[in-house]
Amino acid sequence: MTLHQRRKLYFIILMIFSITIATGLILFALRQNINLFYTPTQLVSGEAPQGRMIRIGGLVEKNSVVRSKTDLTVIFRLTDLDKAVEVRYQGILPDLFREGQGIVVQGKLNNQHQFIAEQVLAKHDANYMPSEVKAALKDRYKKDGYGS
Amino acid sequence: MWALLYKLASPKTFYQWSRPLMYGFALLTIVFLTIGIFSGLFLAPADYQQGDAFRIIYIHVPSAFMSLFVYAIMSFCALLIVVWKFKMADVVIKAAAPLGASFTLLALVTGSIWGKPMWGTWWIWDARLTSELILLFLYVGVMALQTSLKNKPRSEVIVAIMVLIGFVDIPIVHYSVSWWNTLHQGATILKFAKPSISSNMLYPLLIMLMAFISYFVTMMLYRTRTEILWRERKSTWIKNVLGDL
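Residues numbered from 1 in each chain as written. Chains lettered and ligands numbered in written order. Predicted model: local features only at pLDDT ≥ 70, side-chain atom pairs only at ≥ 80, totals over all residues. Heavy atoms only, no water.

With respect to the overall build of chain A
We count it as follows: Secondary structure follows DSSP: runs of H or I at least 4 residues long count as helices, runs of E at least 2 residues long count as strands, and numbering of each begins at the N terminus. The globule rule used for comparison is 2.2 Å times the number of residues to the exponent 0.38, while the radius of gyration itself is calculated over C-alpha atoms.
Helix and strand counts for chain A stand at four helices and six strands. Mapped in sequence order, the helices and strands of chain A form the string α-α-α-β-β-β-β-β-β-α. Scaling as 2.2 N^0.38, a compact globule of 148 residues should have a C-alpha radius of gyration of about 15 Å, whereas chain A reaches 23 Å, well beyond that. A principal-axis box enclosing the C-alpha atoms of chain A has dimensions of 80 × 45 × 25 Å.

In structure tokens, the structure reads:
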């Protein structure tokens, strides 16, 4: 490698390094806007902005889903296994909505500390397996005394 | 060693030895694609949560992987251009950019089709989806810059620097799901742990990945050969080669 080439290589490395730093700082400054949702804990501790449209992400708490008999209203609790918030939604839920499922809701908090959702999105995890395997895993957990 | 490499990289010899290679990879593509699609659609079991809808993974994940992989190749070529003035690398970037853009678009479209039934939305501005969209714009930007600088001196260096700057987006796309809260789930295969996909679902995915890579190599050889024909159209060896046909 000649001196000229080496200088160019150092220049390129320096260029990529500084662009990475700059991008990193921008993304760090914008981190709260890039995060798609707040957690229920953040909402309870007041980190989430009040009176504005926000998203909250968490798990649908077990045995907390109450469906209205007359319309599409559904009330459930959204938890991050620490704090929980009550969510009210009127509309069609995604197929993956079920108890224990990770979901993201978009809406506003009302005065009764109830979150009025306008949109419910389901998250799914990065695990893919046939249903027989899932059933086998469930049995195993039950035998060992864990929940599913 | 270097002499041999230079000889192989010369347009004339490259044009000759790349021909059987291109047909070989085209054949591989057809074989892998047939096996991959068949095993993905019929042999792999349905997912415990998503049922049969998860099968779009066999298009979505390979195209998303290729969108990053192609850009990494382009960045390596850009480095060769700027530091070592390796002119042939410019041809590779030119041939690769539209392919990378197509893979990115395919990943975005299949992801969108997958997102509607599973998440409940076609599109959401989360970090993974947004950074992948930026990647598409980068590809299109490289193509536009190349076209607008056609026949200008040192145009390949300008394009190479743009490619290198855009490389910042590649780690962002990959790590977005672990750096921020996103609707998109985390990595299934490319992580430092056992893939969290059952093996009879994984094999079709890997075969499809091989199919996508073979397709990319085939198209790269094809496009490079076309570019060489165009660039060398006035040389005598072209006349001899085409005279044979």
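Back to the write-up after that little detour.
As for the overall build of chain B
Short version of the rule: Only protein chains enter the accessibility calculation, which uses a 1.4 Å probe. A residue is then buried if its area is under 20% of the maximum for its type, exposed if over 50%, and partly exposed in between. Whether two residues are in contact is decided by their heavy atoms: any pair within 4.5 Å suffices. Exposure was quantified through the Shrake-Rupley algorithm and a 1.4 Å probe, taking into account, for residues, occlusion by the shown protein chains and nothing else. The charged-residue count follows a simple rule in which Lys and Arg add positive charge and Asp and Glu add negative charge, with His and chain termini not counted at all. In plain terms, the charge of a residue is placed at NZ if it is Lys, CZ if Arg, CG if Asp and CD if Glu.
Tallying secondary structure elements over chain B gives nine helices and zero strands in all. Along chain B, helices and strands appear, N-terminal first, in the series α-α-α-α-α-α-α-α-α. Per-residue burial for chain B yields a buried fraction of 48% across its 245 residues. Across chain B, the fraction of contacts at a sequence separation of at least 24, relative to all contacts at a separation of at least 6, is 75%. Entry remark: accessible area of chain B is about 12400 Å², with carbon and sulfur atoms responsible for 73%. Charged side chains of chain B number 20 positive and 10 negative; the gap between the two group centres comes to 9 Å.

Digging into helix H7 (residues 169-179) of chain B
For H7(B), the full list of buried residues reads B:Asp169, B:Ile170, B:Ile172, B:Val173, B:Ser176 and B:Val177. On its buried face, H7(B) is in contact with helix H1 (3-29) of chain A together with helix H3 (57-84), helix H5 (127-148) and helix H6 (155-166) of chain B.

Let's talk about the packing of H3(B) against helix H8 (residues 199-231) of chain B
Residue and element names in this part refer to chain B. Spelled out, the test is: Note on geometry: axes are lines fitted to C-alpha atoms, helical ones only across the stretch in contact, with angles between N-to-C directions running from 0 to 180 degrees. An angle below 35 degrees is read as roughly parallel, one above 145 as roughly antiparallel, one from 65 to 115 as roughly perpendicular, and any other as oblique. Should the near helix be turned counterclockwise from the far one by less than a right angle, the crossing is left-handed, whereas a clockwise turn marks it as right-handed. Gly counts as polar in this scheme, as do all residues outside two lists: the nonpolar Ala, Val, Leu, Ile, Met, Phe, Trp, Tyr, Cys and Pro, and the charged Asp, Glu, Lys and Arg.
At a minimum axis distance of 9 Å, the contact between H3 and H8 shows a crossing angle of 45°. It follows that H3 is oblique to H8 by the angle criterion. For the crossing formed where H3 meets H8, the hand is right-handed. Across from Ile57, Tyr58, Ile59, Val61, Pro62, Ser63, Phe65, Met66, Val70 and Ile73 in H3, the residues of H8 making contact are Met201, Pro204, Leu205, Met208, Leu209, Phe212, Ile213 and Phe216. Residue composition of the contact of H3 with H8, grouped by class: 17 nonpolar, one polar and no charged.

Quick word on H5(B)
Quick note on the threshold: One less than the residue count of a helix, multiplied by 1.5 Å, gives the span that helix is expected to have.
Between the first and last C-alpha of H5(B) there are 31 Å, a value that for 22 residues agrees with the 32 Å anticipated at 1.5 Å per step. Listed as buried for H5(B) are B:Ala127, B:Arg128, B:Leu129, B:Ser131, B:Glu132, B:Leu133, B:Leu135, B:Leu136, B:Leu138, B:Tyr139, B:Val142 and B:Gln146. Contact partners of the buried residues in H5(B): helix H2 (31-34) of chain A together with H3, helix H4 (88-118), H6 and H7 of chain B.

Some remarks on the domain arrangement of chain A
Put simply, the rule reads: Domain delimitation in this document rests on an assignment produced automatically or drawn from a domain database.
What the domain assignment reports for chain A is domain 1 (1-34) and domain 2 (36-143). Averaged C-alpha coordinates put domain 1 of chain A and domain 2 of chain A at centres separated by 40 Å.

Details of the interface of chain A and chain B
Which entries qualify depends on this criterion: Buried area is calculated as the accessible area (1.4 Å probe) missing from two parts once they are joined, with the contributions of both summed. Identification of polar contacts relies on pairs of N or O atoms within 3.5 Å, with a donor-acceptor requirement for protein atoms, meaning one able to donate a hydrogen and the other able to accept it, and with residues adjacent in sequence counted only if both atoms are side-chain atoms.
Taken together, the contact between chain A and chain B spans 37 residues of the former and 42 residues of the latter. Summing the contributions of chain A and of chain B, the shared interface buries around 3500 Å²; its carbon and sulfur component is 63%. Its largest share of buried area at the contact with chain B, chain A owes to A:Leu36, A:His124 and A:Tyr128, together 20% of the area lost on that side. There are 10 residue pairs in polar contact (both at pLDDT 80 or more) connecting chain A and chain B. Taken together, the elements giving at least two residues each to the side of chain A that touches chain B come down to H1, H2, strand S6 (114-122) and helix H4 (131-144) of chain A.

Comments concerning the confidence of the model for chain B
What counts is decided by this rule: As a per-residue measure, pLDDT reflects the predictor's confidence and takes values from 0 up to 100.
Of the residues in chain B, 98% have a pLDDT of 70 or more, and the chain-wide mean is 88. Under the prediction, the complex receives an ipTM of 0.75, its pTM being 0.85.

Considering the environment of A:Gly91
Within the secondary structure, A:Gly91 sits in the loop between strand S4 (84-90) and strand S5 (102-109). Residues A:Gly91 and A:Gly24, 67 residues apart in the sequence, show an inter-C-alpha distance of 39 Å.

Comments concerning the packing of H1(A) against H3(B)
Orientation of H1(A) relative to H3(B), taken along the N-to-C sense of each, is 135°, at an axis distance of 8 Å. Taken as axis vectors, H1(A) and H3(B) run oblique relative to one another. Note on element contacts: H3(B) touches H1(A) through B:Leu79, B:Val82, B:Val83 and B:Trp84, opposite A:Gln5, A:Lys8, A:Leu9 and A:Ile12. Here the contact of H1(A) with H3(B) is composed, by residue class, of six nonpolar, one polar and one charged.

Structural notes on the pattern of salt bridges
Residue and element names in this part refer to chain B. This is how it is decided: Each reported salt bridge corresponds to a side-chain nitrogen of Lys or Arg within 4 Å of a carboxyl oxygen of Asp or Glu.
For the structure on display, the rule yields five salt bridges over all chains. The partner of Arg55 in a salt bridge is Asp52, and the shortest N-O contact between them spans 2.8 Å. By relative accessible area, which is 14% here, Arg55 ends up buried. The residue Lys94 makes a salt bridge to Glu227 at a minimum N-O spacing of 3.4 Å. With a gap of 133 residues between them, Lys94 in helix H4 and Glu227 in helix H8 connect regions that are remote in the sequence.

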